[in-house]
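Chain by chain, the residues run as shown.
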Amino acid sequence: MEFKINPETPTFFKENGFAVLPGFLDADEIKALKESTHRLVKKCCQDMPTVIFSGVDSPQSKENYFAESGDKIRGFVEEKAVDSDGNIMLEKEKALNKLAHALHTLDPTFKSITFSDKVTNVLRSVTTMEKPTVIQSMIIFKHPQVGGVVKPHQDGSYLFAEPVENSLIGCWIALDEANLENGCLHFVPGSHKTSPLQERFVRNPDPNSSELFIYRGNHIPPIPNEKLVPAICKPGDLVLIDGLVIHQSEPNTSNKPRMAYTFHIWDAKSNWSPENWLQPTNENTFVPI
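So, a few notes on the structure that sits alongside this text.

Analysis parameters
Residue positions are given per chain, counted from 1 along the sequence in the order it is written. Two thresholds apply to this predicted model, a pLDDT of at least 70 for residue-level local features and 80 or more for giving and counting side-chain atom pairs, whereas whole-chain, interface and lining totals are computed over all residues. Derived side-chain values reflect all non-hydrogen atoms in the structure, with water molecules and hydrogen atoms excluded from consideration. Helix and strand definitions follow DSSP, with helices as H or I runs of at least four residues and strands as E runs of at least two, each counted in order from the N terminus. For the radius of gyration, the atoms used are the C-alpha atoms, and the globule rule reads 2.2 Å times the number of residues raised to 0.38. Residue contacts are defined here by distance: any two heavy atoms, one from each residue, within 4.5 Å place the two residues in contact. Residue-level accessible areas treat just the shown protein chains as cover; the underlying method is Shrake-Rupley with a 1.4 Å probe. In this charge count, Lys and Arg are treated as positive and Asp and Glu as negative; neither His nor the chain ends contribute. To locate a charge, take atom NZ for lysine, CZ for arginine, CG for aspartate or CD for glutamate. Salt bridge, as applied in this entry: a Lys or Arg side-chain nitrogen positioned within 4 Å of an Asp or Glu carboxyl oxygen. Think of it in three bands: with a 1.4 Å probe and only protein chains considered, a residue is buried below 20% of the maximum accessible area for its type, exposed above 50%, and partly exposed in between. Grid points spaced at 1 Å over the protein atoms alone were grouped into cavities, where a 1.4 Å probe fits but cannot get out, and pockets, open sets with protein on both sides within 12 Å along at least five of seven lines, with lining residues defined by an atom within 4 Å of a point. Grid points are joined across faces, edges and corners, and a volume is the space filled by probe spheres set on the points. Paired strands, in this sense, are two strands between which DSSP finds at least two bridges. Orientation is described by lines fitted to C-alpha atoms, with helices fitted over the stretch in contact, and by angles between N-to-C directions that extend from 0 to 180 degrees. By the convention adopted, Pro, Cys, Tyr, Trp, Phe, Met, Ile, Leu, Val and Ala count as nonpolar, Lys, Arg, Asp and Glu as charged, and the other residues, Gly among them, as polar. What counts as a ring pair is set by centres within 6.5 Å for rings of Phe, Tyr and Trp (its six-membered ring), and what kind of pair is set by the plane angle: stacked under 30 degrees, edge-to-face over 60, tilted for all other angles. A helix is expected to span 1.5 Å multiplied by its residue count minus one. Directions from the helix axis toward the C-beta atoms define the arc. Contacts described as polar in this section are N or O atom pairs within 3.5 Å, which, within protein, must combine one atom able to donate a hydrogen with one able to accept it, while residues neighboring in sequence count only if both atoms come from side chains. What we call a nonpolar core is a set of buried Ala, Val, Leu, Ile, Met, Phe, Trp, Tyr and Cys residues that are connected through their side-chain atoms within 4.5 Å.

Now for the overall build of the chain. Check the secondary structure of the chain and you find eight helices and 16 strands. Here the C-alpha atoms of the chain give a radius of gyration of 18 Å, agreeing with the 19 Å that 2.2 N^0.38 yields for 289 residues. In terms of overall dimensions, the chain has a C-alpha envelope of 55 × 45 × 45 Å along the principal axes. A sequence separation of at least 24 residues applies to 82% of the contacts in the chain between residues at least 6 apart. Counting only carbon and sulfur atoms, one obtains 50% of the accessible surface of the chain, whose full area is about 13300 Å². On the chain, the mean spot of the 29 positive side-chain charges and the mean spot of the 37 negative ones are 2 Å from each other.

Written out as structure tokens, the structure reads:
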């Protein structure tokens, strides 16, 4: 399906650091991604260890299972889906936080969407990237009642390059409706221009520490509600996210799912940091568009 960009979108994105592009995927593409997700969960997650992924306190930073996931497809579970003894209390798929991080190279359906002409056309129309390169990809589940908070953050904290300005774009595609009840994204408009990178998530130089990754810098404090703008989406809508814009999401307190496919694009004209948790490997998951 051909996708036409609203002529106002490039200016809106430049000024606000995010933009919603309605109707980016059609119903057949959404169905294909969901079917591939269910198939991959059965293939990749049935015998997986119980590793929690949290958007608040990062317990995954202690886990080699997370550290080595950049060129694989691995499942991570929600904190609320695990009891005090470490047992998953729900059906496996309903307990998942995400499926990550190399969907874009290891699954043909995700690969075809990620490297489609319409993704390329959006990047050319909206961004100034010279060497766009897909570096990671994820299904974010945000399941009803267990989908947790994602703290205020900047994506560049986790995927850092120098110079940091205009070096990173997130593509977040709603596969379900995303609204105030089920934990849609919220943004601080214009914060990519007014807030320098606040912190970084880096490899721990201490070989004796149990923490494989640590934060350097200052956490972003809670954002007053009046400064936040929700990105309410219908299935198939694309949200473009500048690597410096501050954004967050609330828990899914509804009975409805809020699945999304997201991938990140780095401009390879900038210098990728060797301190980042994610590094290129021989599996070639850093793929130019």
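So much for the structure itself; the text now carries on.
Before going further, it helps to examine the pattern of salt bridges. Pairs can form between side chains of opposite charge whenever their charged atoms are close. Overall, the coordinates contain 10 salt bridges when judged by the stated rule. A salt bridge links K193 to E15; the shortest N-O distance between them is 3.0 Å. Highlighted residues: K193 in helix α8 (residues 191-194) and E15 in helix α1 (residues 9-16), separated in sequence by 178 residues. Looking at E15, the relative accessible area reads 41%, which means it is partly exposed. Taking the shortest distance from any N to any O, the salt bridge between E199 and K151 comes out at 3.8 Å. Remark: K151 occurs in strand β5 (residues 150-153) and E199 occurs in strand β9 (residues 199-203); sequence separation between them is 48 residues. The exposure classification of E199 matches that of K151, with both residues buried. Via salt bridges that share partners, R200, R216 and E275 belong to a single interconnected network.

This paragraph deals with empty space enclosed by the protein. Summed over the entire model, instances satisfying the criterion amount to one cavity of 30 Å³ or more. Approximately 40 Å³ is the volume attributed to the largest cavity. In terms of lining residues, the largest cavity is bounded by G156, L159, F160, A161, V164, N166, S167, L168, D242, G243 and L244.

All right, on to the sheet that holds strand β8 (residues 185-187) then. An order of β5-β13-β8-β11 is seen for the four strands of this open sheet, with the pairing classed as antiparallel. On the outer flanks of this sheet lie β5 and β11 (229-231), each paired with one strand and no other. Across the sheet, the axes of successive neighbouring strands diverge by a mean angle of 25 degrees, strand direction being ignored. Pairing geometry for β8 and β11, over three bridges, is antiparallel. Bridge pairing in β11 places L185 opposite A231.

Let us look at the layout of surface pockets. The calculated volume of the largest pocket comes to roughly 770 Å³. Along its surface, the largest pocket is lined by 39 residues, and F53, G55, I140, V150 and H153 are the ones closest to its centre. Those elements that provide at least two residues to the lining of the largest pocket are β3 (96-101), β4 (132-140), β5, β7 (168-174), β13 (247-249) and β14 (260-267). For the lining of the largest pocket, the per-class residue count stands at 16 nonpolar, 15 polar and eight charged.

Turning to the packing of aromatic side chains, a few remarks are in order. Two numbers describe a pair of aromatic rings. These are the distance of the centres and the angle of the planes. All told, the structure shown has 18 aromatic pairs when counted by the stated rule. Aromatic side chains Y158 and F201 sit 5.4 Å apart centroid to centroid with 45 degrees between the ring planes, which places their arrangement in the tilted category. With Y158 in the loop between β5 and β6 (161-162) and F201 in strand β9, this pair connects stretches of sequence that are 43 residues apart. You can call F201 buried: its relative accessible area is 2%.

Here we come to helix α2 (residues 27-44). The end-to-end C-alpha distance of α2 is 25 Å, a good match for the 26 Å that 18 residues give at a rise of 1.5 Å each. If you check which residues of α2 are buried, you get E29, I30, L33, S36, T37, L40 and V41. For α2, the arc enclosing every buried residue in end-on projection is 140 degrees, short of the 170-degree limit, so these residues lie on one face. More than 90 degrees from the buried face of α2, the exposed residues found are A27, D28, K31, K42 and K43. If you check the start of α2, you find a side-chain oxygen 3.1 Å away from the backbone N of D28, and it comes from D26.

Once that is clear, we can look at the environment of I30. If you trace the backbone, I30 turns up in helix α2. Looking at I30, the relative accessible area reads 11%, which means it is buried. Residues I30 and I173, 143 residues apart in the sequence, show an inter-C-alpha distance of 9.4 Å. Every residue in contact with I30, bar those within four places of it in the chain, is listed here: L25, L175, P235 and G236.

Grouped together as the largest cluster of nonpolar side chains are 55 residues, with contacts concentrated most on L99, I139, L175, L240 and Y261. When neighbours within four sequence positions are excluded, L240 is seen to be in contact with F13, G17, F18, A19, L21, V122, V126, I169, G170 and C171. Among the nonpolar cores identified, the runner-up in size contains 13 residues, and F18, F187, A231 and V245 belong to it.

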